[in-house]
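Architecture at a glance
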Amino acid sequence: MIMQLTVFLENSEGRLSALCRTLADAGINMNALTIAESSDYGIVRIICDNVFSAVDVLDKAGFRATKTKVLAVEVPDRPGALAELLEALGGTGVNIEYGYCFLADGDKAIDVLKIKPEDRGRAEAAIESAGFKLLHWNDIAG
């Protein structure tokens, strides 16, 4: 399990740029970023090298940021790998609230899954029994 940075961002010109500049100026490196948007706001999800400092820095700069626990799963970077991961969760009663993927190395991808806390144990057991590796921050940071 890893901590993800979640930022609620006003959907207006320059806000994403300001968010990224704030993190950059604080020396915080982003490994992955995804955005879900509506007409009024966006939800920016970031995997970064220091989520605790990022929350503090962003709070001081006027952004609404929180930490969220998510599962990070290493999968081969090939067609069907995500399908196999999701099939491993089939029949477990686990609900995936959202997810996204990013490349780690040339032959590996990382799938990030947000699972309800009460389902996390079943999800982790199913993922590991299917032969996938659950990652921790030090696995991503190198």
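Residues numbered from 1 in each chain as written. Predicted model: local features only at pLDDT ≥ 70, side-chain atom pairs only at ≥ 80, totals over all residues. Heavy atoms only, no water.

**Thoughts on a nonpolar patch on the surface**
The following threshold applies: Within the patch definition used here, like charges are joined within 9 Å and nonpolar side chains (Val, Leu, Ile, Met, Phe, Trp, Tyr) within 5 Å, considering only residues with over 30% relative accessible area and no salt bridge. A 1.4 Å probe and the Shrake-Rupley method give the accessible areas. Residues count as covered only by the protein chains that appear here. Every case where a carboxyl oxygen of Asp or Glu lies within 4 Å of a side-chain nitrogen of Lys or Arg is listed as a salt bridge. Exposure classes here rest on a 1.4 Å probe applied to the protein chains alone. A residue is buried below 20% of its type maximum, exposed above 50%, and partly exposed in between.
Judged by side-chain polarity, Leu16, Leu33 and Ile35 come together as a nonpolar surface patch covering roughly 220 Å² of accessible area. Given a relative accessible area of 37%, leucine 33 falls into the partly exposed group.

**A few points about the environment of alanine 24**
The criterion, for reference: Secondary structure is summarised from DSSP: a helix means a run of H or I of at least four residues, a strand means a run of E of at least two, and numbering begins at the N terminus for each.
Tracing the backbone through its elements, the reader meets alanine 24 in helix 1 (residues 15-25). Look at alanine 24 and you get partly exposed, because its relative accessible area is 42%. Put simply, alanine 24 and phenylalanine 132 are 108 residues apart on the chain and 33 Å apart in space, counted from C-alpha to C-alpha.

**Focus on the packing of helix 1 against helix 2 (residues 51-60)**
As a reminder of what qualifies: Angles shown run from 0 to 180 degrees and are taken between the N-to-C directions of axes, each axis being a line fitted to C-alpha atoms and, for helices, limited to the stretch in contact. When an angle is under 35 degrees it counts as roughly parallel; over 145 it counts as roughly antiparallel; between 65 and 115 it counts as roughly perpendicular; any other value is oblique. Each crossing is labelled by how the near helix is turned from the far one, with a counterclockwise turn of less than a right angle marking it left-handed and a clockwise turn marking it right-handed. In what follows, a contact means two residues having at least one pair of non-hydrogen atoms within 4.5 Å. Gly is placed with the polar residues, together with every amino acid not listed as nonpolar (Ala, Val, Leu, Ile, Met, Phe, Trp, Tyr, Cys and Pro) or charged (Asp, Glu, Lys and Arg).
One way to put it is that helix 1 packs onto helix 2 with a least axis distance of 10 Å and a crossing angle of 125°. In terms of axis orientation, helix 1 runs oblique to helix 2. Crossing hand, helix 1 versus helix 2: right-handed. From helix 1, Leu19, Thr22 and Leu23 reach across to helix 2, where they touch Ala54, Val57 and Leu58. Its residues placed into classes, the contact of helix 1 with helix 2 shows 5 nonpolar, 1 polar and no charged.

**Considering the packing of aromatic side chains**
Formally: Two rings from Phe, Tyr or Trp (for Trp, the six-membered ring) form a pair when their centres are within 6.5 Å of each other. A pair whose planes differ by under 30 degrees is stacked, one over 60 is edge-to-face, and the rest are tilted. In this scheme, Lys NZ or Arg CZ marks a charge over a ring once it lies within 6 Å of the ring centre and within 35 degrees of the ring normal.
Tallying each qualifying case throughout the model produces 0 aromatic pairs. The ring of tyrosine 98 carries arginine 45 above its face, with NZ or CZ at 3.5 Å from the centroid. Sitting above the plane of the phenylalanine 8 ring, arginine 64 keeps its charged end 4.6 Å from the centroid.

**Observations regarding the environment of arginine 120**
By the secondary structure assignment, arginine 120 is in helix 4 (residues 120-129). On the accessibility criterion, arginine 120 (14% relative accessible area) is buried. The sequence separation of arginine 120 and aspartate 105 amounts to 15 residues, and the corresponding C-alpha distance is 26 Å.

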